[in-house]
Amino acid sequence: MAASPVTTTQLTDPITGQLFEAEVLLVTNGRGGYDSDGCPYSQGPQPRAYAIATSPYTLYSAPVESYGKGVPAKATGSLHQYLQQFADKEATSPLTPTRRYELAALAAEHLGEGPYAVGDYLLSAGWTVRDRIVGFLPAVQGASDAWEKLQGVLPDYRAVASPRGRTLASFDLARLSHRGGFGWERDALLAQLESFPDAGLGAFSKREEFRRLVRREHELLRAARSRFEEGLGMGLGSSEDRSYRRYLVGELSRRLGELERAGDELRAVANDTETSAEVLGVVRDILAVLQLQGATASALDLSWTNEAKEAP
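Computed from a prediction, not measured in an experiment: that's the story for all the values here. (Residues numbered from 1 in each chain as written. Predicted model: local features only at pLDDT ≥ 70, side-chain atom pairs only at ≥ 80, totals over all residues. Heavy atoms only, no water.)

**Concerning the pattern of salt bridges**
- The tally for this structure, following the rule as stated, stands at 27 salt bridges.
- In this structure, the salt-bridge partner of Glu109 is Arg227, at a minimum N-O distance of 2.6 Å. Placement of Glu109 in helix α3 (residues 97-110) and of Arg227 in helix α8 (residues 203-233) is noted, with a sequence separation of 118 residues between them.
- A salt bridge links Arg216 to Glu219, with the nearest nitrogen and oxygen atoms 3.3 Å apart. Taken together, the residues span about one helical turn, with Arg216 and Glu219 both in helix α8 at a distance of three residues.
- Judged by its relative accessible area of 22%, Arg216 is partly exposed. (Salt bridge = Lys/Arg side-chain N within 4 Å of Asp/Glu carboxyl O. Helix = DSSP H or I, 4+ residues; strand = E, 2+ residues; numbered from the N terminus. Buried < 20%, exposed > 50% of the residue type's maximum accessible area, 1.4 Å probe, protein only.)

Structure (structure tokens):
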């Protein structure tokens, strides 16, 4: 039997000095690829689910590796008092990876770490929700690759005859669409579930959970985008940093279904001479897909073939 990739480490609460144990991930890999907003994937446990440790004594939350840096002594009292207002809620609900990132964002904001740092925590929180939606899809490398993979499997998808097969295929392709940031296509695929019998899989309740998680992720993406916009409005960071943050504003707008705004922001980044080569490559990749993905319709034919409709 293979050893568990998860172990525990002992950390010190920087507010009270009390010791506690936190789970950490020993190994990781990049077999799941990455999304166009920078979200990386491993096969097996996702590293981000273990990246933030929360003290059970104060709810102080931060990356595991930053615990040794401590908290300024003059801030410990006010931070402790601030975090305690959330204690009753956390005592009655599971402390999920998503919530740990949200608590880290609250602590970072209180400590004055700046809107970009807070936005990064909220973006990672959104990714932990996305994990629950998409599961593991191997080697998806950004927006264009997700589009090509979706286009490539559609002929097989459209030829599926059995209700059970159609249900499973609709969810699989909706998950791939969500990873690619193709909201119209995702929703169209989920709507297909109404065109054939449920086949005993509980498709409608699973679809409602899918949609609920999408709404939750979008809530966090909007919050992250707002922080990035705040930092840009304040002129924070170098010219290259600001270009990177504007790319995120554009990409998150695309994932939120605001395609016109996404195009405006991303084209501005593409034309910015301060944009790094790495970000420029990602932005051009997204812009190529933005011309194809749906706002009110799609370049892809998501309907069933006549043969599949007539199959028993």
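Having seen it, we continue.
**Comments concerning the confidence of the model for the chain**
- Residue-level pLDDT values for the chain average 92, and 95% of them are 70 or greater.
- The model gives residues 306-312 a pLDDT under 50, and that stretch makes nine contacts with residues more than four places away or in other chains. (pLDDT = per-residue confidence, 0-100. Contact = heavy atoms within 4.5 Å.)

**A short note on α3**
- Given a rise of 1.5 Å per residue, 14 residues ought to cover 20 Å, and the 20 Å separating the end C-alpha atoms of α3 matches this to within 8%.
- Taking burial as the measure, the 14 residues of α3 include 11 buried ones, the bulk of the element.
- Here α3 has its buried residues at Thr98, Arg99, Arg100, Tyr101, Glu102, Leu103, Ala104, Ala105, Leu106, Ala107 and Ala108.
- Two residues or fewer after α3 comes Gly112, characterised by a positive phi angle close to 75°. (Expected span 1.5 Å × (residues − 1).)

**Some remarks on the nonpolar core**
- If you look at the biggest cluster of nonpolar residues, it comprises 60 residues, and the most contacted ones within it are Tyr121, Leu123, Phe210, Phe228, Tyr247 and Val283.
- The biggest single contributor to this core is helix α4 (residues 115-134), with 10 residues.
- Those residues in contact with Phe210, other than ones at most four positions away along the chain, are Ile133, Phe171, Ala174, Arg175, Arg186 and Leu190.
- By size, the runner-up hydrophobic cluster in this structure holds 19 residues, among which are Leu11, Ala22, Ala75 and Leu106. (Core = buried A, V, L, I, M, F, W, Y, C linked by side-chain atoms within 4.5 Å.)

**Comments concerning the packing of helix α5 (residues 142-158) against helix α11 (residues 277-290)**
- The geometry of α5 relative to α11 is characterised by a closest axis approach of 7 Å and an angle of 35° between their N-to-C directions. Side by side, α5 and α11 meet where Gly142, Ala143, Ser144 and Trp147 of the first sit next to Asp285, Ile286, Ala288 and Val289 of the second.
- For the contact of α5 with α11, a count of residues per class yields five nonpolar, two polar and one charged. (Axes fitted to C-alpha atoms, helices over the stretch in contact; angles between N-to-C directions. Nonpolar A, V, L, I, M, F, W, Y, C, P; charged D, E, K, R; others polar.)

**Quick look at the environment of Gly126**
- Residue position: Gly126 is located in helix α4.
- Look at Gly126 and you get buried, because its relative accessible area is 0%.
- Dropping the residues within four chain positions of it, Gly126 is found in contact with Glu217 and Leu220.

**Focus on the packing of aromatic side chains**
- The tally for this structure, following the rule as stated, stands at six aromatic pairs.
- With centroids separated by 5.1 Å and ring planes inclined at 85°, the aromatic side chains of Trp147 and Phe182 adopt a geometry described as edge-to-face. Taken together, the positions of Trp147 in helix α5 and Phe182 in the loop between α6 (163-180) and α7 (183-191) put the pair 35 residues apart, joining distant regions of the chain.
- Judged by relative accessible area, Trp147 falls into the buried class, the value being 4%.
- On the basis of relative accessibility, which here comes to 0%, the residue Phe182 falls in the buried class.
- One aromatic cluster is present, built from ring pairs that chain together Phe20, Tyr60 and Tyr67.
- The ring centre of Tyr41 lies 5.1 Å from the NZ or CZ of Arg48, which sits over that ring. (Phe/Tyr/Trp six-rings, centres within 6.5 Å; stacked < 30°, edge-to-face > 60°. Lys NZ or Arg CZ within 6 Å of the ring centre and 35° of its normal.)

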